[in-house]
Amino acid sequence: MPLLIKNAHVYAPCPLGAVDILIAADRILAVGKNLTAVLPEMETIDATGLIATPGLFDLHMHVIGGGGVNGAATRVPAAELSELIAAGTTHVAGVLGTDVISRTLPDLLAKIHALNACGLNAWMYTSNYRYPPSTLTKTVMDDLICIPECLGVKIALGDLFGSFPTMQNILSLLADIRLAGTLAGKIGLLHVHLGDLLSTFDIFDEIERQGFPLKKHVLPTHCGRSPQIFERACAFARAGGMIDFTTGGGCACEPASVSVMRALDAGVPLAQITLSTDAHGAKPRFDENGRMTGYAVIDVAGNLQQVKALVGEHGLALQSALALVTENPARHLGLAGHGIICPNAAASVCLMSEDLDPKYVISRGQVLMRNGDIIVKGLYEK
Ligand SMILES: [Zn+2]
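Rules used throughout
- Residues numbered from 1 in each chain as written.
- Predicted model: local features only at pLDDT ≥ 70, side-chain atom pairs only at ≥ 80, totals over all residues.
- Helix = DSSP H or I, 4+ residues; strand = E, 2+ residues; numbered from the N terminus.
- Rg over C-alpha atoms; globule rule 2.2 N^0.38 Å.
- Buried ≥ 20, exposed ≤ 12 C-beta atoms within 10 Å, placed from the backbone.
- Contact = placed C-beta atoms within 7 Å.
- Pairing = 2+ DSSP bridges.
- Axes fitted to C-alpha atoms, helices over the stretch in contact; angles between N-to-C directions.
- Arc of directions from axis to C-beta.
- Parallel < 35°, antiparallel > 145°, perpendicular 65-115°, else oblique.
- Left-handed = near helix turned anticlockwise from the far one by under 90°.
- Nonpolar A, V, L, I, M, F, W, Y, C, P; charged D, E, K, R; others polar.
- Core = buried A, V, L, I, M, F, W, Y, C linked by C-beta atoms within 7 Å.
- Domains from an automatic or database assignment.
- Right-handed = clockwise from strand over helix to strand, strands pointing away.

> Would you mind showing me how to read the overall build of the chain here?
Looking only at helices and strands, the chain has ten helices and 19 strands in total. Scaling as 2.2 N^0.38, a compact globule of 382 residues should have a C-alpha radius of gyration of about 21 Å, and the chain matches this with 20 Å. Reported as C-alpha extents along the three principal axes, the dimensions of the chain are approximately 60 × 55 × 45 Å. Residues counted as buried form 52% of the 382 residues belonging to the chain. Here the contacts in the chain between residues at least 6 apart in sequence split such that 70% fall between residues at least 24 apart.

Shown next, in the form of structure tokens:
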């Protein structure tokens, strides 16, 4: 159904002032003042007093559930459609994690298909923590070329649950990813879960010395895991690399909003930084004395919470905070026409209150939340 959003304060994420947004099918047709249109069954939303942002983009989420590192009882359930809508998340890239046995790539791809069928925009990385990589088809190259939703390859480096591939292993894998990406019309990314060991950045440096354009193809996450990893990640980003800070769970030594502000102070360009939730992984739960009492599910709303903190606690401009969870991830993943509000972009828009609480969520041109009520749910959700 066509949609005309009237008088929203648009952050595209750059600020456009109070303008209208016209949407038809799954595209934004026009953005401007005093738009009018006569289209069959068009819905008009009066967005006076609301902020319009691109739908939020979460580039690292365990959509089928992660966890499991302390036995099968610690496996985390899958993410539900309504949770994502409530958090304003319209774009997601799914990953596998530490459990490389019971969590499978066909299951992940099926969940990505399901999220797309329900109106979101979902992609995935093939493989998991380990080397040699696991694949859906014969090889990493086949996965990238034959599976449209597959944007890259996940791996854990410098992590005690990983498999410690050599520099040459990583270089060969990157060469496959780069060629397959070229053939498929994708960037071709190696999405790196950074463990605690600093040797990962030594491997990156050595690969660059071989002449490989590593920074175009490596997207490291958990960059705020420790002060030492943070320092190396900032140096990597100042030299042109992309870095991602985790907004939920145990893979960060401080809130991501603090890491972002410190990275900016350290000279990292905002355009090099993204936030992702790691949602539906497991995080430890502690009592008031700091003793671990169990596990909790990492929240899908972590990105939105950290955007609020960046703006409310640290005074970062709203357009800058939003870029970390909209425009930047879409650009880093090579998805033109996503993460922005402009003519011909994907019709994914959040209308939020001044306090940045989602009131309307629109994805693929479909209203999924109206007046704060989630109106589209997964088939088996209550
Ligand atoms: Zn993760």
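> What exactly am I supposed to notice about the sheet that holds strand E10 (residues 189-194) here?
For sheets, the rule is that strands pair by backbone hydrogen bonds, running either parallel or antiparallel. The six strands lie next to each other as E6-E7-E8-E9-E10-E11, forming an open sheet whose pairing is parallel. Here the strands that pair on one side only, and so sit at the sheet edges, are strand E6 (56-61) and strand E11 (218-221). Neighbour to neighbour, the strand axes of the sheet diverge by 25° on average, direction disregarded. Note that strand E8 (residues 121-126) and strand E9 (residues 150-157) share three bridges and pair parallel. Of the residues in E9, the one forming a bridge with Thr126 is Val153.

> Any chance you could explain helix H7 (residues 256-265) here in plain terms?
Within an α-helix, residues lying three or four positions from one another point in the same direction, as the helix has 3.6 residues per turn. Looking at H7, one finds that the buried residues are Ala256, Ser257, Ser259, Val260 and Ala263. Buried residues in H7, looked at end-on, bunch into an arc of 160°, giving them a common side. Here the buried face of H7 lies against helix H6 (227-238), strand E12 (243-246), strand E13 (273-276) and helix H8 (302-312). Of the residues one or two after H7, Gly267 is the one with positive phi, at around 90°.

> When you look at the packing of H7 against H8 in this model, what are you seeing that I'm missing?
When two helices pack together, their arrangement is captured by the angle between the axes and the distance separating the axes. Contact geometry for H7 and H8: axes closest at 8 Å, N-to-C directions at 50°. The pairing of H7 with H8 is recorded here as oblique in orientation. Judged by the sense of rotation from one axis to the other, the crossing of H7 with H8 is right-handed. Every residue of H8 that contacts H7 at Ala256, Ser257 and Val260 is listed here: Gln306, Ala309 and Leu310. Each residue belonging to the contact of H7 with H8 can be placed in one class, and the counts come to four nonpolar, two polar and no charged.

> In this structure, what is going on with the nonpolar core? I would like to understand it.
Soluble globular proteins tend to pack their nonpolar side chains together in the buried interior. Judged by nonpolar contacts, the single largest core of 121 residues is most densely connected at Ile21 and Ala52. Taken domain by domain, the makeup of this core includes at least three residues from each of domain 1 (3-53 + 339-374) and domain 2 (56-332). Those residues in contact with Ile21 that lie beyond four places of it in its chain are Ile5, Ala8, Val10, Ile28, Val31, Ala52, Ile341 and Val349.

> Would you explain the packing of helix H4 (residues 167-184) against helix H5 (residues 199-209) in this entry?
Between H4 and H5, the least distance of the axes is 10 Å, while the angle of their chain directions is 60°. When the axis of H4 is compared with that of H5, the two are oblique. Crossing of H4 against H5: the hand is right-handed. In contact with Met167, Ile170, Leu171 and Leu174 of H4, H5 contributes Ile203, Glu206 and Ile207. Tallied by class, residues from the contact of H4 with H5 come to six nonpolar, no polar and one charged.

> What am I meant to see in the pairing of E6 here?
Consecutive side chains along a regular strand alternate between the two faces of the sheet. Most of E6 is tucked away, with six of its six residues classed as buried. Relative to strand E7 (residues 89-94), E6 runs parallel, the two being bridged by four bridges. Considered in E7, the bridge of Met61 is made with Gly94. Regarding the hand of the β-α-β motif, the stretch spanning E6, helix H1 (residues 81-86) and E7 is right-handed.

> Would you take a moment to explain the environment of Ser134 for this structure?
Note that Ser134 resides in the loop between E8 and helix H3 (140-146). In this structure the C-alpha to C-alpha distance between Ser134 and Pro343, which are 209 residues apart in sequence, comes to 39 Å. Excluding residues that lie within four positions of it along the chain, Ser134 makes contacts with Val100, Leu105, Ser127 and Asn128.

> I would appreciate a short explanation of the domain arrangement of the chain in the present structure.
In many reports, interface size means the accessible area that the parts give up when they come together. Looking at the assigned domains, one finds that the chain contains domain 1 (3-53 + 339-374) and domain 2 (56-332). Each of domain 1 and domain 2 has a C-alpha centre, and these two points are 28 Å apart. At the interface, 19 residues of domain 1 touch 22 residues of domain 2. Elements with a contribution of two residues or more to the side of domain 1 that touches domain 2: strand E17 (358-363) and strand E18 (366-370). Per-class residue counts for the side of domain 1 that touches domain 2 are 13 nonpolar, five polar and one charged.

> Quick question: what am I supposed to make of unusual backbone geometry here?
As a rule of thumb, non-glycine residues mostly have phi less than zero, and peptide bonds are mostly trans rather than cis. The amide bond that connects Ala12 to the next residue, Pro13, takes the cis arrangement and shows omega of 15°. Among the secondary structure elements, Pro13 is positioned in the loop between strand E1 (3-11) and strand E2 (15-24). Across the junction of Tyr131 and Pro132, the peptide omega takes the value -5°, indicating a cis bond. Tracing the sequence through the fold places Pro132 in the loop between E8 and H3. One non-glycine residue, Arg364, adopts positive backbone phi at about 50°. Examined against the element boundaries, Arg364 turns out to sit in the loop between E17 and E18.

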